[in-house]
Amino acid sequence: MNKNQKRVLLIGIILILVVLAYWYSQGGEIFTKTQVLVDKTTELDRMLGVENKQYEDKFVLGLDYAGAISAVIAVITGVLIFIFKNKRKESK
């Protein structure tokens with residue numbers, strides 16, 4: 001591997017690790033969520049035995065999108081490594 005190929009490979013690995021770290025920091029969910037169930041129960045509701053849960057709009061990255069993004073990065077990295085291969089070393 002020449003210098004450009006090593007650089008592309010390193011950048012690709014770093015980008016994949018960033019995507020997976022972000023996915024893990026979001027809770028490591030399997031599927032992407034656009035709404036989250038939030039408990040809005042007050043003290044009075046608790047004394048009366050009533051639960052007050054509502055959905056709020058919040059994006060939580062899931063493994064489905066994180067995996068797809070990582071796969072796209074891997075394919076682009078592979079194509080760039082193929083493009084940057086050195087023609088001189090092949091003829092020897």
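As shown above, the structure is provided for reference.
These numbers were taken from a predicted model, which means no experiment stands behind them. (Residues numbered from 1 in each chain as written. Predicted model: local features only at pLDDT ≥ 70, side-chain atom pairs only at ≥ 80, totals over all residues. Heavy atoms only, no water.)

**Q** Help me get a handle on the overall build of the protein chain, residues and values and all.
**A** Within the protein chain, the regular secondary structure consists of 4 helices and 2 strands. In the protein chain, the succession of helices and strands from N to C terminus is α-β-α-β-α-α. Computed over the C-alpha atoms, the radius of gyration of the protein chain is 23 Å, more than 25% above the 12 Å expected from 2.2 N^0.38 for a compact globule of 92 residues. With the principal axes as the frame, the protein chain shows a C-alpha extent of 85 × 15 × 15 Å. Counting every position in the protein chain, which comprises 92 residues, the buried fraction comes to 16%. A separation of at least 24 residues holds for 65% of the contacts in the protein chain among residues at least 6 apart in sequence. (Helix = DSSP H or I, 4+ residues; strand = E, 2+ residues; numbered from the N terminus. Rg over C-alpha atoms; globule rule 2.2 N^0.38 Å. Buried < 20%, exposed > 50% of the residue type's maximum accessible area, 1.4 Å probe, protein only. Contact = heavy atoms within 4.5 Å.)

**Q** Could you give an account of a nonpolar patch on the surface, with specific residues and numbers?
**A** On the surface, Val72, Val75, Ile76, Val79, Leu80, Phe82, Ile83 and Phe84 cluster together into a nonpolar patch covering about 730 Å² of accessible area. You can see isoleucine 83 is positioned in helix α3 (residues 63–83). (Patch = residues over 30% accessible without salt bridge, like charges linked within 9 Å, V, L, I, M, F, W, Y side chains within 5 Å. Areas by Shrake-Rupley, 256 points an atom, 1.4 Å probe, with all protein chains shown as cover. Salt bridge = Lys/Arg side-chain N within 4 Å of Asp/Glu carboxyl O.)

**Q** Please give an account of the nonpolar core that cites residues and values.
**A** Most often, soluble globular proteins keep nonpolar side chains buried together rather than apart. With 5 residues, the main nonpolar core is built from Val19, Trp23, Leu61, Ala66 and Ile73. Secondary-structure elements contributing two or more residues to this core are α1 (3–25) and α3. Excluding residues that lie within four positions of it along the chain, tryptophan 23 makes contacts with Gly28, Glu29, Leu61, Gly62, Leu63 and Ala66. (Core = buried A, V, L, I, M, F, W, Y, C linked by side-chain atoms within 4.5 Å.)

**Q** Outline α1, supporting the account with residue identities and numerical values.
**A** Along an α-helix, residues three or four positions apart point the same way, because every turn accommodates 3.6 residues. Its 23 residues place the ends of α1 33 Å apart at the C-alpha level, agreeing with the 33 Å of an ideal helix rising 1.5 Å per residue. For α1, every residue scored as buried is listed here: Gln5, Val8, Gly12, Val19 and Trp23. Looking at the packing, one finds that the buried side of α1 touches α3. Its side-chain oxygen 3.3 Å from the backbone nitrogen of asparagine 4, asparagine 2 forms the N-cap of α1. Looking at the residues trailing α1, positive phi occurs at glycine 27, about 120 degrees. (Expected span 1.5 Å × (residues − 1). Polar contact = N/O pair within 3.5 Å; in protein donor to acceptor, adjacent residues only side chain to side chain.)

**Q** If you had to explain the side chain of aspartate 45 to someone new, which residues and values would you point to?
**A** Inspection of the secondary structure assignment puts aspartate 45 in helix α2 (residues 43–48). Notably, aspartate 45 is buried but unbridged: the nearest opposite-charge side chain belongs to arginine 46, and the N-O separation is 8.2 Å. Filtering out sequence-adjacent residues up to four positions away, aspartate 45 remains in contact with Lys40, Val50 and Asn52. (Lys, Arg positive; Asp, Glu negative; His and termini not counted.)

Fair warning: the whole summary comes from geometry, so function is off the table for now.
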